[in-house]
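Each chain, letter by letter, is given below.
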Amino acid sequence: MNVVHLTDIEQLMEQVVAYHPEADTSMIRRAFEYSVKAHEGQTRQTGEPYVQHPLAVAGILTFLKLDVPAIVAGLLHDTLEDTVATQEELAQEFGLDVSRLVDGVTKIGQISFETYEEKQAENFRKMVLSMADDIRVVFIKLADRLHNMQTLEALSEERRKKISQETMEIYAPLANRLGMSWFKQELEDLCFQYLQPEACALLKLRLAKKDDERQAFSQSLIQIAQKALAEAGLSGLVDGRPKHLFSIYQKMERRSVSFDEIYDLTAIRIVTDSKMNCYAVLGLIHSIWPPVPGRVKDYVATPRSNLYQSLHTTVVGPQGEYVEFQIRTAEMHRINEYGVAAHWLYKEPGKARGRDEEVFSWLRQFVEWHKDLSDNRQFMDSVKLDLFHDVVFVFTPKGEVREVPVGSTPLDLAYAIHTEIGDHCVGAKINGKLVPLRYKLHSGDMVEVLTSPAQVPHRGWLKFVRTSKAKTKIKHWFKVEEQKRALELGSRLLAQELQAQDPFPEKFLKSERLLSMAKGKGCETVDELIRMVGFGRLAPDQIVGSFKEEFEGSSSSTTQKESLVPALKSPGHFREGAVKFSGTNDVLMQLSKCCKPVPGEPIRGYITRGRGLTIHAVDCPNFQSLEWEHSRLVKVEWDGDVEGSHSVDVSVLTLDRPGVLAKVSAGISQCKANITKAEIATREDQKAVLDFVIEVKDTAHLELILQEIQRVDGILSAKRVRGWL
């Protein structure tokens, strides 16, 4: 689409009245005069008065046929950032609607950021949240970015490349996801010009040489198609459009071919009067030219998430050249060009209803998926992942079509359907056959998600899920669980410390003073304070120390009472047994992976930030390095009735002889122990190292196994090792 740059306010108002005859143009004129005054004395890098930029932005918005408040906001969009104007002043002069729109596109200038990337991430985050409330925010921002790209030549090469890279990574994909194809294409071609100037210039030159030939070829195809439509009695307007520069370059890169090997440089578009006739026209085109296998795409029956609808087919045209035809209705064409903007209703600013409500579903999901990501780098990586994806179409057992990014798994689809389904997903059937959760979905797959109430998310899922929604929801589940664990562990630690001072500490846990202390630590509730103890950020004796006077006046009874907190069952970090914690069994805790303690060896507990109570062997090197923070140490001991098995790592050095592995394995089996993993490595000195992970009951059982291994002929040594896995 060729956007004509407006040079004065009269042209702007004429453009608005052309599509909105009842528009209040006096408000537009007032906004222009306000902008002129506010930006007085300011110039752009091009040397022109600064007000030409907001005027151009407002002009671009008229091509989207936006309402008066949006046009006014386009004229004022830089006043909050670059002038002394305030949001309150804008609200008073132009209304709350305009002031909110301007604020939504205003960059965050009052906050200090360490890096340019962090600042840009926070600016984009603000825009994303604002556009969820009012879609006009993103229209204004895209118009602002388009005009900046069109006038980028005045900046230094370094700034041109930085802005172009950001536009290519964020704003062009965003325009595409919103269905604004002409916006996306113009942004990409402008970025291409600055990011790869040599390749862009060469491609322009080659296209120019072929221009006359290409136009003549396109016209001949158009005439043939028009004649065929007339003879078949089908309605249709036929025209040709050249593919934009960057899409041609992408095709060359993707296929690893030269420019001379790209034949479909022009797309022939046929706009007909009904969906039924789209398919009739497709059949007619295939009757004239044979279709290329695998190059027919039906986006009419299965529209893209940005509402794009069209039939695409590539045929072998005259002289054996490939030609792409795009077939659609007039309404489809309007939506394909304007995307979300085509569904925007100025009668209800920024809102949509009925069928148009579907247009904004992706946008609302987009905001929901990313609002919980506090880290700016993680936020931007997640945003780019969602904006750049190609898609596949899969079917539910009910026949519903679902669109997911390429590389998605059944787990991604489960979370796309509903968070609860994702959290409890145990597997999936693809076309009736069971598949693992890592399976990569393909277009046309019939997917049945299998769930179980007993299933909960696993951290390993984060390694293979594709969508940001799935990743965000899995991380959120673990965050909530960590909060619960921290509260339970903190309650137990605090109760233990209180009982050491007073046999009836309930009154202290419920006192107003504890709430005051919580607020003094920046916590809204006592539970938040207790979670700080559970996470190891606050020692329980720091809290108990503040109650010294109360303890001195309380009962002197030293009778030890039962713990105030009931026994907590292990959440599954280890099923092999239990550890006593202040006389209570089954405390919520986990065995350290660095030393893998087993019953029978001395142990100590340590409050690990974010993971609760971790059990280490006393001789663990990691534990020794942590022992300096005494406030986070907890006395623990093995339960005398402990049952089950514990994993240990055993390394065996042997002569490299046939049958040794079999004899060692048999010896371990005779001791009624299970081998869960084995690795063998031979050495140049005719020796071999056998590494095992073995399930044992306790240290006595482990010692028996080591003795049995050492009895095997050829064994040089057998010992337990720490942290093999």
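Cut-off values and rules
Residues numbered from 1 in each chain as written. Predicted model: local features only at pLDDT ≥ 70, side-chain atom pairs only at ≥ 80, totals over all residues. Heavy atoms only, no water. Helix = DSSP H or I, 4+ residues; strand = E, 2+ residues; numbered from the N terminus. Buried < 20%, exposed > 50% of the residue type's maximum accessible area, 1.4 Å probe, protein only. Contact = heavy atoms within 4.5 Å. Areas by Shrake-Rupley, 256 points an atom, 1.4 Å probe, with all protein chains shown as cover. Pairing = 2+ DSSP bridges. Axes fitted to C-alpha atoms, helices over the stretch in contact; angles between N-to-C directions. Phe/Tyr/Trp six-rings, centres within 6.5 Å; stacked < 30°, edge-to-face > 60°. Lys NZ or Arg CZ within 6 Å of the ring centre and 35° of its normal. Salt bridge = Lys/Arg side-chain N within 4 Å of Asp/Glu carboxyl O.

Undergrad: When you look at the overall build of the protein chain in this model, what are you seeing that I'm missing?
TA: Each helix and strand counted, the protein chain has 28 helices and 20 strands in total. Taking all 725 residues of the protein chain together, 49% fall into the buried category. Look at the contacts in the protein chain between residues 6 or more apart in sequence, and 66% of them connect residues 24 or more apart. Surface exposure of the protein chain reaches about 35,700 Å², of which carbon and sulfur atoms provide 50%.

Undergrad: Help me understand the sheet that holds strand β1 (residues 237–242) in this model?
TA: Backbone hydrogen bonds hold the strands of a sheet together, and the pairing may be parallel or antiparallel. In space, the 5 strands of this open sheet follow the order β1-β2-β5-β4-β3, with mixed pairing throughout. Edge positions in the sheet fall to β1 and β3 (291–298), since each has one partner strand and no second. Across the sheet, the mean angle from the axis of one strand to that of its neighbour is 20 degrees, orientation sign disregarded. As paired elements, β3 and strand β4 (residues 311–316) share 4 bridges and run antiparallel to each other. Looking at β4, one finds that Pro291 is bridged to Val315. Helix α12 (residues 197–232) contacts β1, β2 (266–272) and β5 (322–329) of the sheet and is inclined by roughly 160 degrees relative to β1.

Undergrad: Help me out: how do you make sense of the packing of aromatic side chains in this one?
TA: Given two aromatic rings, their pairing is described by the distance between the two centres and the angle made by the two planes. Counted under the stated rule, the structure contains 8 aromatic pairs. Pairing Tyr34 with Phe94 gives two aromatic rings, centres 5.5 Å apart and planes at 90 degrees, and the pair type is edge-to-face. Placement of Tyr34 in helix α2 (residues 25–38) and of Phe94 in helix α6 (residues 87–94) is noted, with a sequence separation of 60 residues between them. Both residues of the pair, Tyr34 and Phe94, belong to the buried class. Ring centres of Trp182 and Phe183 lie 4.7 Å apart, and the angle between their planes is 40 degrees; on these two criteria the pair is classed as tilted. Grouping aromatic residues by their ring pairs yields a cluster made of Phe192, Phe246 and Tyr249. Above the ring of Phe478, the side-chain terminus of Arg459 is found at 4.2 Å from the ring centroid.

Undergrad: Can you walk me through the sheet that holds strand β20 (residues 715–721) in this structure?
TA: One open sheet accounts for 4 strands, arranged β18-β19-β17-β20; its pairing is antiparallel. The open sheet is flanked by β18 (674–682) and β20, the only strands paired with a single partner. When strand polarity is set aside, the average angle formed by the axes of neighbouring strands in this sheet is 20 degrees. Of the strand pairs in this sheet, strand β17 (residues 646–655) and strand β19 (residues 687–696) are connected by 10 bridges, and their pairing is antiparallel. Looking across to β19, one finds that Val650 is bridged to Phe692. With respect to the sheet, helix α27 (residues 660–670) is in contact with β17, β18, β19 and β20, its orientation differing from that of β19 by roughly 20 degrees. This element, helix α28 (residues 699–710), spans β17, β19 and β20 of the sheet and lies at about 160 degrees to β20.

Undergrad: Whenever I open this one, the pattern of salt bridges confuses me. Can you help?
TA: For side chains of opposite charge, pairing can occur when their charged atoms come near one another. On inspection of all chains with the given rule, the structure shows 17 salt bridges. With a shortest N-O distance of 2.9 Å, Glu10 and Arg29 are connected by a salt bridge. Residue Glu10 is located in helix α1 (residues 9–19), and its partner Arg29 is located in helix α2; the two are separated by 19 residues in the primary sequence. The partly exposed category is assigned to Arg29, whose relative accessible area is 31%.

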